[in-house]
Amino acid sequence: MIPPVPTVDRGILVIVSSPSGAGKTTLTRRLLAEFGNLGFSISYTTRPIRPGEVDGSDYHFVSAETFEAMVERGEFAEYAWVHGNRYGTARGPINAALDAGRDLIFDVDWQGGGALADQWPADALKIFILPPDLNALAERLRRRATDAPEVIDRRLHKAIEELAHFHEYQHLIVNDDVDRAYKVLRAVYLTRRYGRMDRSDVPHPLAALAMQVDESLRSGADEHARALIRPA
(Lines give C-alpha, C1' and ligand atoms only; values in the text may rest on other atoms or scores of the structure.)
Protein backbone atom coordinates (compact mmCIF):
# COMPACT_ATOMS: atom_id res chain seq x y z
CA MET A 1 0.00 0.00 0.00
CA ILE A 2 1.29 3.48 -0.80
CA PRO A 3 1.40 6.06 2.04
CA PRO A 4 -1.91 7.76 2.84
CA VAL A 5 -2.69 10.62 0.48
CA PRO A 6 -2.58 14.13 2.01
CA THR A 7 -5.84 15.30 3.46
CA VAL A 8 -7.66 18.42 2.28
CA ASP A 9 -10.28 20.59 3.94
CA ARG A 10 -13.09 18.34 2.80
CA GLY A 11 -13.39 14.63 2.02
CA ILE A 12 -14.94 12.99 -1.04
CA LEU A 13 -17.83 10.53 -1.19
CA VAL A 14 -16.87 8.00 -3.87
CA ILE A 15 -20.20 6.39 -4.76
CA VAL A 16 -19.88 3.19 -6.81
CA SER A 17 -23.02 1.42 -8.04
CA SER A 18 -23.88 -1.44 -10.38
CA PRO A 19 -26.28 -4.35 -10.69
CA SER A 20 -25.38 -7.36 -8.55
CA GLY A 21 -22.59 -9.30 -10.20
CA ALA A 22 -21.14 -6.46 -12.29
CA GLY A 23 -18.02 -6.25 -10.15
CA LYS A 24 -18.34 -3.11 -8.03
CA THR A 25 -17.29 -4.84 -4.82
CA THR A 26 -14.11 -6.26 -6.37
CA LEU A 27 -13.17 -2.86 -7.78
CA THR A 28 -13.94 -0.89 -4.63
CA ARG A 29 -11.95 -3.27 -2.45
CA ARG A 30 -8.98 -2.95 -4.78
CA LEU A 31 -9.10 0.85 -4.54
CA LEU A 32 -9.32 0.60 -0.76
CA ALA A 33 -6.26 -1.64 -0.64
CA GLU A 34 -4.18 0.89 -2.55
CA PHE A 35 -5.12 4.19 -0.90
CA GLY A 36 -4.73 4.71 2.82
CA ASN A 37 -6.86 7.85 3.06
CA LEU A 38 -9.86 6.09 1.55
CA GLY A 39 -12.24 4.42 3.99
CA PHE A 40 -15.10 2.02 3.38
CA SER A 41 -18.58 2.98 4.50
CA ILE A 42 -19.98 -0.15 6.14
CA SER A 43 -23.70 -0.43 5.52
CA TYR A 44 -26.32 -1.96 7.79
CA THR A 45 -28.42 -4.81 6.42
CA THR A 46 -31.10 -7.23 7.54
CA ARG A 47 -30.06 -9.93 5.09
CA PRO A 48 -28.42 -13.13 6.40
CA ILE A 49 -24.64 -13.20 6.55
CA ARG A 50 -23.01 -15.16 3.70
CA PRO A 51 -20.13 -17.63 4.03
CA GLY A 52 -16.84 -15.77 4.37
CA GLU A 53 -18.41 -12.46 5.39
CA VAL A 54 -17.49 -10.74 8.66
CA ASP A 55 -19.97 -8.76 10.72
CA GLY A 56 -18.72 -5.19 11.13
CA SER A 57 -16.36 -5.52 8.17
CA ASP A 58 -18.50 -6.44 5.17
CA TYR A 59 -21.78 -5.20 6.68
CA HIS A 60 -23.32 -4.55 10.05
CA PHE A 61 -25.80 -7.44 10.14
CA VAL A 62 -28.79 -6.49 12.27
CA SER A 63 -32.33 -7.68 12.90
CA ALA A 64 -35.34 -6.09 11.23
CA GLU A 65 -36.35 -4.66 14.61
CA THR A 66 -32.95 -3.02 15.17
CA PHE A 67 -32.95 -1.60 11.66
CA GLU A 68 -36.45 -0.11 12.08
CA ALA A 69 -35.45 1.47 15.39
CA MET A 70 -32.50 3.16 13.66
CA VAL A 71 -34.86 4.46 10.96
CA GLU A 72 -37.17 5.93 13.60
CA ARG A 73 -34.23 7.67 15.31
CA GLY A 74 -33.18 9.24 12.00
CA GLU A 75 -29.76 7.60 12.02
CA PHE A 76 -29.63 6.71 8.33
CA ALA A 77 -28.49 8.97 5.51
CA GLU A 78 -30.21 6.55 3.14
CA TYR A 79 -31.99 3.22 3.40
CA ALA A 80 -33.94 1.01 1.04
CA TRP A 81 -35.39 -2.40 0.36
CA VAL A 82 -33.14 -4.40 -2.00
CA HIS A 83 -34.00 -7.93 -3.08
CA GLY A 84 -36.28 -8.40 -0.08
CA ASN A 85 -33.81 -7.12 2.52
CA ARG A 86 -33.16 -3.71 4.04
CA TYR A 87 -29.91 -1.80 3.59
CA GLY A 88 -28.90 1.54 5.10
CA THR A 89 -25.98 3.93 5.54
CA ALA A 90 -25.47 5.68 8.87
CA ARG A 91 -25.20 9.49 8.69
CA GLY A 92 -22.81 10.15 11.59
CA PRO A 93 -19.64 8.49 10.22
CA ILE A 94 -20.07 10.29 6.90
CA ASN A 95 -20.11 13.76 8.41
CA ALA A 96 -17.17 12.91 10.65
CA ALA A 97 -15.06 11.70 7.70
CA LEU A 98 -15.92 14.64 5.45
CA ASP A 99 -15.15 17.18 8.16
CA ALA A 100 -11.76 15.53 8.77
CA GLY A 101 -10.87 15.57 5.06
CA ARG A 102 -11.09 11.78 4.72
CA ASP A 103 -12.57 10.11 1.65
CA LEU A 104 -15.21 7.39 1.90
CA ILE A 105 -16.16 4.85 -0.73
CA PHE A 106 -19.70 3.49 -0.95
CA ASP A 107 -20.72 0.19 -2.55
CA VAL A 108 -24.44 0.99 -2.94
CA ASP A 109 -27.31 0.60 -5.39
CA TRP A 110 -28.67 3.50 -7.45
CA GLN A 111 -31.25 4.39 -4.80
CA GLY A 112 -28.61 4.75 -2.11
CA GLY A 113 -26.27 6.58 -4.47
CA GLY A 114 -28.97 9.09 -5.34
CA ALA A 115 -29.87 9.70 -1.70
CA LEU A 116 -26.23 10.28 -0.74
CA ALA A 117 -25.59 12.65 -3.64
CA ASP A 118 -28.74 14.60 -2.80
CA GLN A 119 -27.52 15.18 0.77
CA TRP A 120 -23.86 15.87 -0.08
CA PRO A 121 -23.97 17.11 -3.70
CA ALA A 122 -20.66 18.99 -3.62
CA ASP A 123 -18.82 16.02 -2.10
CA ALA A 124 -20.17 13.20 -4.28
CA LEU A 125 -18.25 11.42 -7.05
CA LYS A 126 -20.71 9.02 -8.71
CA ILE A 127 -19.42 6.05 -10.74
CA PHE A 128 -21.53 3.31 -12.34
CA ILE A 129 -20.01 -0.08 -13.23
CA LEU A 130 -21.48 -1.76 -16.34
CA PRO A 131 -21.21 -5.48 -17.15
CA PRO A 132 -19.92 -6.41 -20.63
CA ASP A 133 -23.31 -7.97 -21.38
CA LEU A 134 -26.26 -9.55 -19.58
CA ASN A 135 -25.04 -13.10 -20.24
CA ALA A 136 -21.77 -12.30 -18.45
CA LEU A 137 -23.75 -10.81 -15.58
CA ALA A 138 -25.83 -13.98 -15.26
CA GLU A 139 -22.72 -16.18 -15.31
CA ARG A 140 -21.02 -14.12 -12.58
CA LEU A 141 -24.07 -14.50 -10.35
CA ARG A 142 -24.16 -18.26 -10.89
CA ARG A 143 -20.44 -18.62 -10.11
CA ARG A 144 -20.99 -17.02 -6.70
CA ALA A 145 -22.93 -20.11 -5.56
CA THR A 146 -24.13 -18.15 -2.53
CA ASP A 147 -27.71 -17.49 -3.66
CA ALA A 148 -30.56 -19.85 -4.47
CA PRO A 149 -31.52 -20.16 -8.20
CA GLU A 150 -34.74 -18.21 -7.66
CA VAL A 151 -32.76 -15.39 -6.03
CA ILE A 152 -30.37 -15.29 -9.00
CA ASP A 153 -33.33 -15.08 -11.41
CA ARG A 154 -34.80 -12.23 -9.39
CA ARG A 155 -31.50 -10.37 -9.44
CA LEU A 156 -31.24 -10.75 -13.21
CA HIS A 157 -34.71 -9.32 -13.71
CA LYS A 158 -33.78 -6.46 -11.41
CA ALA A 159 -30.55 -5.74 -13.27
CA ILE A 160 -32.17 -4.06 -16.26
CA GLU A 161 -34.17 -1.79 -13.98
CA GLU A 162 -30.98 -0.81 -12.18
CA LEU A 163 -29.06 -0.28 -15.44
CA ALA A 164 -31.68 2.20 -16.57
CA HIS A 165 -30.31 4.66 -14.00
CA PHE A 166 -26.85 4.88 -15.58
CA HIS A 167 -27.48 8.46 -16.74
CA GLU A 168 -27.58 9.64 -13.10
CA TYR A 169 -23.82 8.99 -12.75
CA GLN A 170 -20.86 11.19 -13.68
CA HIS A 171 -18.70 8.29 -14.88
CA LEU A 172 -19.49 4.95 -16.54
CA ILE A 173 -16.97 2.10 -16.53
CA VAL A 174 -17.48 -1.10 -18.53
CA ASN A 175 -16.08 -4.02 -16.51
CA ASP A 176 -15.12 -6.24 -19.43
CA ASP A 177 -11.61 -6.66 -17.99
CA VAL A 178 -11.09 -6.09 -14.28
CA ASP A 179 -7.54 -4.71 -14.62
CA ARG A 180 -8.57 -2.20 -17.29
CA ALA A 181 -11.71 -1.24 -15.36
CA TYR A 182 -9.65 -0.70 -12.21
CA LYS A 183 -7.20 1.58 -14.01
CA VAL A 184 -10.11 3.78 -15.09
CA LEU A 185 -11.65 3.78 -11.59
CA ARG A 186 -8.26 4.69 -10.11
CA ALA A 187 -7.79 7.52 -12.62
CA VAL A 188 -11.25 8.92 -11.93
CA TYR A 189 -10.61 8.91 -8.18
CA LEU A 190 -7.15 10.47 -8.34
CA THR A 191 -8.09 13.27 -10.73
CA ARG A 192 -10.98 14.20 -8.45
CA ARG A 193 -8.79 13.95 -5.33
CA TYR A 194 -5.96 16.14 -6.67
CA GLY A 195 -7.38 18.05 -9.62
CA ARG A 196 -6.38 17.80 -13.26
CA MET A 197 -3.07 19.72 -13.09
CA ASP A 198 0.40 18.23 -12.54
CA ARG A 199 1.64 18.89 -8.99
CA SER A 200 5.11 18.26 -7.64
CA ASP A 201 3.74 17.15 -4.25
CA VAL A 202 1.58 14.35 -5.69
CA PRO A 203 3.19 10.97 -6.50
CA HIS A 204 0.84 10.34 -9.44
CA PRO A 205 1.05 11.34 -13.15
CA LEU A 206 -2.09 13.47 -13.04
CA ALA A 207 -1.91 14.71 -16.63
CA ALA A 208 -1.77 11.13 -17.94
CA LEU A 209 -4.55 10.05 -15.58
CA ALA A 210 -6.71 12.98 -16.71
CA MET A 211 -6.23 11.85 -20.32
CA GLN A 212 -7.33 8.36 -19.33
CA VAL A 213 -10.49 9.78 -17.74
CA ASP A 214 -11.20 11.80 -20.89
CA GLU A 215 -10.77 8.69 -23.03
CA SER A 216 -13.17 6.83 -20.76
CA LEU A 217 -15.78 9.57 -21.12
CA ARG A 218 -15.51 9.23 -24.89
CA SER A 219 -15.45 5.43 -24.89
CA GLY A 220 -19.09 4.93 -25.81
CA ALA A 221 -19.99 3.50 -22.41
CA ASP A 222 -23.26 5.42 -22.48
CA GLU A 223 -24.26 3.72 -25.72
CA HIS A 224 -23.18 0.38 -24.24
CA ALA A 225 -25.52 1.02 -21.29
CA ARG A 226 -28.40 1.87 -23.63
CA ALA A 227 -27.79 -1.37 -25.55
CA LEU A 228 -27.98 -3.39 -22.33
CA ILE A 229 -31.42 -2.06 -21.47
CA ARG A 230 -32.74 -1.98 -25.05
CA PRO A 231 -35.44 -4.59 -25.68
CA ALA A 232 -34.22 -7.52 -27.76
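This text goes with the structure placed above it.
Residues numbered from 1 in each chain as written. Predicted model: local features only at pLDDT ≥ 70, side-chain atom pairs only at ≥ 80, totals over all residues. Heavy atoms only, no water.

## Examining the side chain of serine 18
Part 1 of the argument: As for its placement among the helices and strands, serine 18 is situated in the loop between strand S1 (13–17) and helix H1 (24–34).
Part 2 of the argument: Take serine 18: its relative accessible area is 6%, and that puts it in the buried class. (Helix = DSSP H or I, 4+ residues; strand = E, 2+ residues; numbered from the N terminus. Buried < 20%, exposed > 50% of the residue type's maximum accessible area, 1.4 Å probe, protein only.)

## Looking at the sheet that holds strand S5 (residues 76–82)
Part 1 of the argument: One open sheet accounts for 4 strands, arranged S4-S3-S6-S5; its pairing is mixed. Every other strand in the sheet has two partners, leaving strand S4 (60–61) and S5 as the edge strands with one partner each.
Part 2 of the argument: The pairing of strand S3 (residues 44–45) with S4 spans 2 bridges and is classified as parallel. Directly across from threonine 45, in S4, lies its bridge partner phenylalanine 61. (Pairing = 2+ DSSP bridges.)

## Brief notes about the packing of aromatic side chains
Part 1 of the argument: Applying the stated criterion to the full structure yields 7 aromatic pairs.
Part 2 of the argument: With 6.0 Å between their ring centres and 45° between their planes, phenylalanine 76 and tyrosine 79 make a pair best called tilted.
Part 3 of the argument: Residue classification places phenylalanine 76 among the buried residues on the basis of a relative accessible area of 5%.
Part 4 of the argument: On the basis of relative accessibility, which here comes to 41%, the residue tyrosine 79 falls in the partly exposed class.
Part 5 of the argument: Members of the aromatic cluster, connected to one another through ring pairs, are Tyr44, Phe67, Phe76 and Tyr79.
Part 6 of the argument: Over the ring of tyrosine 169 we find lysine 126, and its NZ or CZ is 4.3 Å from the ring centre. (Phe/Tyr/Trp six-rings, centres within 6.5 Å; stacked < 30°, edge-to-face > 60°. Lys NZ or Arg CZ within 6 Å of the ring centre and 35° of its normal.)

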